[in-house]
Amino acid sequence: MIGSRSILTCLVLLLALAQTMQASVLTASKIPSVLPRVLLKPATDVAPATFFTVAPSGDVLAWNSASLASAQSIASSDYVLQWSAQQRMQHDELSAGNDWIAKRSIFTWDHSARRQVELNWERLPAHLQRQLLNSSPHAGELGGAALVSYLRGDRSNEDAGGLLPQRESLLGDTRSSQPVFVGARDGTHSARVYVGTAGGVLHALDADTGQEDWAYLPSALVCVEKLAPEAACLSQPAQMSPAVNSVQVRGQRRDILVSGLGGAAAGVTAKGGWRDR
């Protein structure tokens, strides 16, 4: 039976999502078509003015120009590329290798314990370990730790002729998601860009550098191939555009980030108060 507190929490999250979606629609009509899905990062937060876009390749790009006064003044010659999320991730992968893979902050959800857990073989609950092992015909040969390492970005088993599916990029295809900018919050974190991928992953990127701060993989997607019937990788999930809004929770003003899975996969991700760890 659902308690009144759970119902209140759901209503708060749905209200935040609806209000943010409405605001996005109002803003979208003012955005020129020269760069699709462009998001203005206010010049008062970080100078020069910065814009974030989703490239046709699925990459997230940051552009800036000190001469831009508003989104209406954008012209193709005004831009200087500040960072590419895919290139930044490739740089971190090549420069640090396995050390970078091991240190990535990637989380999933343990429904049985109702808590967030690190995507690490030893820390995954037994039911997610079974789900992951059941999702690959090579689980017996590779072992669970290698499958988790693959999900964290290890490419050693996905080369030509490898045992695991090849990926075009470790970031994933973000074309199904609108990037959302959130400024620094009371010393708890720096400015970030939140974006989802067609594979269902939610990324939090440093708005100034493009470096991944953390990523969230829904528990239904803790799988490698489309073999586990209980896993949503069977249903081609897509991470929907994140939505952010400020709401009153128990008399306190808090920022709520809400995102969800599209396609046949079901699920909602919510973070409040910006205490991500």
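Sequence positions are assigned chain by chain, starting from 1 and proceeding in written order. With pLDDT at 70 or above as the cut-off, local features in this predicted model cover only qualifying residues; side-chain atom pairs require 80 or more to be listed or tallied, and sums for whole chains, interfaces and linings still use all residues. Excluding hydrogens and water, the side-chain figures rest on all heavy atoms present in the structure.

### Notes on the overall build of the protein
- Starting at the N terminus, helices and strands are each numbered in turn, a helix being any DSSP run of H or I of at least four residues and a strand any DSSP run of E of at least two. The secondary structure content of the protein amounts to 6 helices and 13 strands.
- With a 1.4 Å probe rolled over the protein chains alone, any residue whose accessible area is under 20% of its type maximum counts as buried; one over 50% counts as exposed, and the rest are partly exposed. Counting the 277 residues in the protein, one finds 45% classified as buried.
- Note on contacts: a residue pair is in contact if any heavy atoms of the two residues lie within 4.5 Å. Partitioning the intrachain contacts of the protein with sequence separation of at least 6 by distance along the chain shows that 49% fall at a separation of at least 24.
- Per-residue and other accessible areas were derived by the Shrake-Rupley procedure at a 1.4 Å probe size, with only the shown protein chains allowed to occlude residues. For the protein, the accessible area works out to roughly 14100 Å², and carbon and sulfur atoms hold 54% of it.

### Examining the packing of aromatic side chains
- What counts as a ring pair is set by centres within 6.5 Å for rings of Phe, Tyr and Trp (its six-membered ring), and what kind of pair is set by the plane angle: stacked under 30 degrees, edge-to-face over 60, tilted for all other angles. Summed over the entire model, instances satisfying the criterion amount to 3 aromatic pairs.
- Among the aromatic residues, those joined into a ring-pair cluster are Phe52, Trp83 and Phe181.
- In this analysis the charged atom, NZ for Lys or CZ for Arg, is taken to sit over a ring once it is within 6 Å of the ring centre and within 35 degrees of the ring normal. Above the plane of the ring of Tyr150 lies Arg167, whose end atom (NZ or CZ) is 3.8 Å from the centre.

### Considering helix H4 (residues 126-134)
- Residues of H4 that are buried: Leu128, Gln129, Gln131 and Leu132. Down the axis of H4, the buried set is contained in an arc of 160°. They therefore lie on one face.
- The secondary structure elements touched by the buried residues of H4 are strand S5 (106-110) and helix H6 (144-151). Directions drawn from the helix axis to the C-beta atoms are what define this arc.

### Quick notes on the confidence of the model for the protein
- Across the chain, each position has a pLDDT score giving the predictor's confidence in that residue, from 0 to 100. Here the protein shows a mean pLDDT of 73. Residues at 70 or above account for 64%.
- Between the elements of the protein, mean pLDDT differs from a low of 42, seen in helix H1 (residues 4-28), to a high of 95, seen in H6.
- Counting contacts from residues 14-47, a segment whose pLDDT is below 50, to residues more than four positions away or on other chains yields 56 contacts.
- The low-confidence segment residues 67-74, where pLDDT is below 50, has 16 contacts with residues more than four positions distant or belonging to other chains.

### Structural notes on the sheet that holds strand S8 (residues 192-196)
- The criterion for strand pairing is that DSSP finds at least two bridges linking the strands in question. Read from one edge of the open sheet, 6 strands run S6-S5-S10-S9-S8-S7, paired in mixed fashion. The open sheet has two edge strands with one neighbour each: strand S6 (115-118) and strand S7 (180-182). Strand-to-strand twist in this sheet, taken as the mean axis angle between neighbours without regard to direction, amounts to 25°. For every element, the axis is a line fit to its C-alpha atoms; helices are fit only across the contacting stretch, and the angle between N-to-C directions ranges from 0 to 180 degrees.

### Quick word on the side chain of Arg152
- Along the chain, Arg152 turns up in the loop between H6 and S7.
- Neither His nor the chain termini are counted; the positive set is Lys and Arg, and the negative set is Asp and Glu. Salt-bridge detection follows one rule: a side-chain nitrogen of Lys or Arg within 4 Å of a carboxyl oxygen of Asp or Glu. Glu118 provides the closest opposite charge to the buried, unpaired Arg152, separated from it by 4.2 Å.
- As used in this structure description, the phrase polar contact means that two N or O atoms lie within 3.5 Å; if the pair is within protein, one of them must be able to donate a hydrogen and the other to accept it, and residues adjacent in sequence are counted only when both atoms belong to side chains. Only 2.9 Å separates the side chain of Arg152 from the backbone oxygen of Leu119, close enough to count as a polar contact.
- Not counting the four nearest positions on each side in its chain, Arg152 is found in contact with Ile101, Ala102, Lys103, Arg104, Ser105, Ile106, Glu118 and Leu119.

### Brief notes about unusual backbone geometry
- Phi at Arg114 takes a positive value of approximately 55°, unusual for a residue other than glycine.
- By the element assignment, Arg114 lies in the loop between S5 and S6.

### Notes on the side chain of His203
- Take His203: it is sitting in strand S9 (residues 202-206).
- From its side chain, His203 meets the backbone oxygen of Leu171 in a polar contact 2.8 Å long.
- Polar contacts involving the side chain of His203 include one to the side chain of Glu212, which spans 2.8 Å.
- If sequence neighbours within four positions are ignored, His203 has contacts with Met89, Arg104, Leu170, Leu171, Val193, Tyr194, Val195, Thr197, Glu212, Trp214 and Ala215.

### As for the nonpolar core
- Each nonpolar core is a collection of buried residues, namely Ala, Val, Leu, Ile, Met, Phe, Trp, Tyr and Cys, held together in the definition by side-chain atoms within 4.5 Å. Ranked by internal contacts, the top residues of the largest apolar core, which has 20 residues, are Leu119, Leu124, Leu132, Leu151, Leu217 and Val222.
- Secondary-structure elements contributing two or more residues to this core are H4 and H6.
- When residues no more than four places from it in sequence are discounted, the contact partners of Leu217 are Phe107, Thr108, Trp109, Leu119, Leu151, Val201 and Val222.
- Formed by 16 residues, the second largest nonpolar core is a distinct cluster that contains Val60, Trp100, Ile101 and Ala191.

### Focus: the pairing of S6
- The pairing of S5 with S6 spans 4 bridges and is classified as antiparallel. By the bridge assignment for S6, Thr108 is matched with Val117.
- Adjacent in sequence and paired antiparallel, S5 and S6 are bridged by 4 residues, among which Arg114 carries a positive phi angle near 55°.

### Quick look at the environment of Trp121
- Along the chain, Trp121 turns up in the loop between S6 and H4.
- Residue classification places Trp121 among the buried residues on the basis of a relative accessible area of 19%.
- The sequence separation of Trp121 and Ser149 amounts to 28 residues, and the corresponding C-alpha distance is 8.5 Å.
- Those residues in contact with Trp121, other than ones at most four positions away along the chain, are Gln129, Leu132, Leu133, Gly144, Ala145 and Val148.

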